[in-house]
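Below, each chain spelled out in residue letters.
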Amino acid sequence: MSGTTAPEDSEGISFLPELLGKYQEDHNFLYWEFPEYGGQQAIIYGHFKAIRKDLHKGNARWEVFDLAADPEESTNIAELHPDIIRRIDSIATSAHKRSDNPSWQFELLGDRQE
């Protein structure tokens, strides 16, 4: 839209086609992280959404929601889906990049669903 070219090391998939009503390349997952709530990660994988907060305090516990059955995200089903937890944890580990901004930095401690 701006007429610029994306950097060669860009890892994302443009959503411009979606905005223009054209074919949108499928995403295997959507991943994001930000510093609010003590550091947060979230992933959309299929119809599941996983989120974990308080990463700056070492939290590694995922909350998982089935968006198809529970669009309000009212019931955490993480304990029922260890297979999804393993996949989500793998995605988070591979997608996370250490930030140069100190307020965004946290260490991933792996899956500790206790």
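See the structure printed just above.
So, here is what we can say about the structure in this document. (Residues numbered from 1 in each chain as written. Predicted model: local features only at pLDDT ≥ 70, side-chain atom pairs only at ≥ 80, totals over all residues. Heavy atoms only, no water.)

**Focus on the nonpolar core**
Then comes step 1: Membership of the largest hydrophobic core comes to 14 residues, with the highest contact counts inside it found for Ile43, Trp62, Val64 and Ile88.
Then comes step 2: Listed by contribution, the elements that provide at least two residues to this core are strand E3 (48-52) and helix H2 (82-95).
Then comes step 3: When residues in this core are grouped by element, the largest group, six residues, is from H2. (Core = buried A, V, L, I, M, F, W, Y, C linked by side-chain atoms within 4.5 Å. Buried < 20%, exposed > 50% of the residue type's maximum accessible area, 1.4 Å probe, protein only. Helix = DSSP H or I, 4+ residues; strand = E, 2+ residues; numbered from the N terminus.)

**Notes on the pairing of strand E1 (residues 30-34)**
Then comes step 1: By the alternation rule, side chains of E1 split into Tyr31 and Glu33, which are all buried, and Leu30, Trp32 and Phe34, of which none is buried.
Then comes step 2: In terms of strand pairing, E1 meets strand E2 (residues 40-45) through five bridges, oriented antiparallel. Along E2, the bridge assignment pairs Leu30 with Ile44.
Then comes step 3: Between E1 and E2, which follow one another and run antiparallel, lie five residues, and Tyr37 among them has a positive phi close to 55°. (Pairing = 2+ DSSP bridges.)

**A word on the pattern of salt bridges**
Then comes step 1: For the structure on display, the rule yields two salt bridges.
Then comes step 2: Notably, a salt bridge pairs Glu73 with Lys49, separated by 3.3 Å at the nearest N-O pair. Here the residue Glu73 occupies a position in the loop between strand E4 (63-66) and H2, and Lys49 occupies one in strand E3, the gap between them amounting to 24 residues.
Then comes step 3: We classify Glu73 as partly exposed; its relative accessible area is 29%.
Then comes step 4: For Arg52, the salt bridge goes to Asp89, with nearest N and O atoms at 3.6 Å. In this pair, Arg52 is assigned in strand E3 and Asp89 in helix H2, connecting sequence segments 37 residues apart.
Then comes step 5: Residue classification places Arg52 among the buried residues on the basis of a relative accessible area of 1%. (Salt bridge = Lys/Arg side-chain N within 4 Å of Asp/Glu carboxyl O.)

**Regarding H2**
Then comes step 1: When the terminal C-alpha atoms of H2 are compared, their 20 Å separation across 14 residues agrees well with the 20 Å that a helix rising 1.5 Å per residue should span.
Then comes step 2: Of all the positions in H2, only Ile84, Ile85, Ile88, Asp89, Ile91, Ala92 and Ala95 are classed as buried. In a view along the axis of H2, the buried residues occupy a sector of 160°, so they form one face of it.
Then comes step 3: As for H2, its buried residues are in contact with E1, E2, E3 and E4. (Expected span 1.5 Å × (residues − 1). Arc of directions from axis to C-beta. Contact = heavy atoms within 4.5 Å.)

**A look at the sheet that holds E1**
Then comes step 1: Taking strand neighbours across the sheet as the criterion, the four strands line up as E1-E2-E3-E4 in an open arrangement whose pairing is antiparallel. With partners counted over all chains shown, the strands left at the sheet margins are E1 and E4, one partner each. Ignoring which end each strand starts from, the neighbouring axes of this sheet average 15° apart. (Axes fitted to C-alpha atoms, helices over the stretch in contact; angles between N-to-C directions.)

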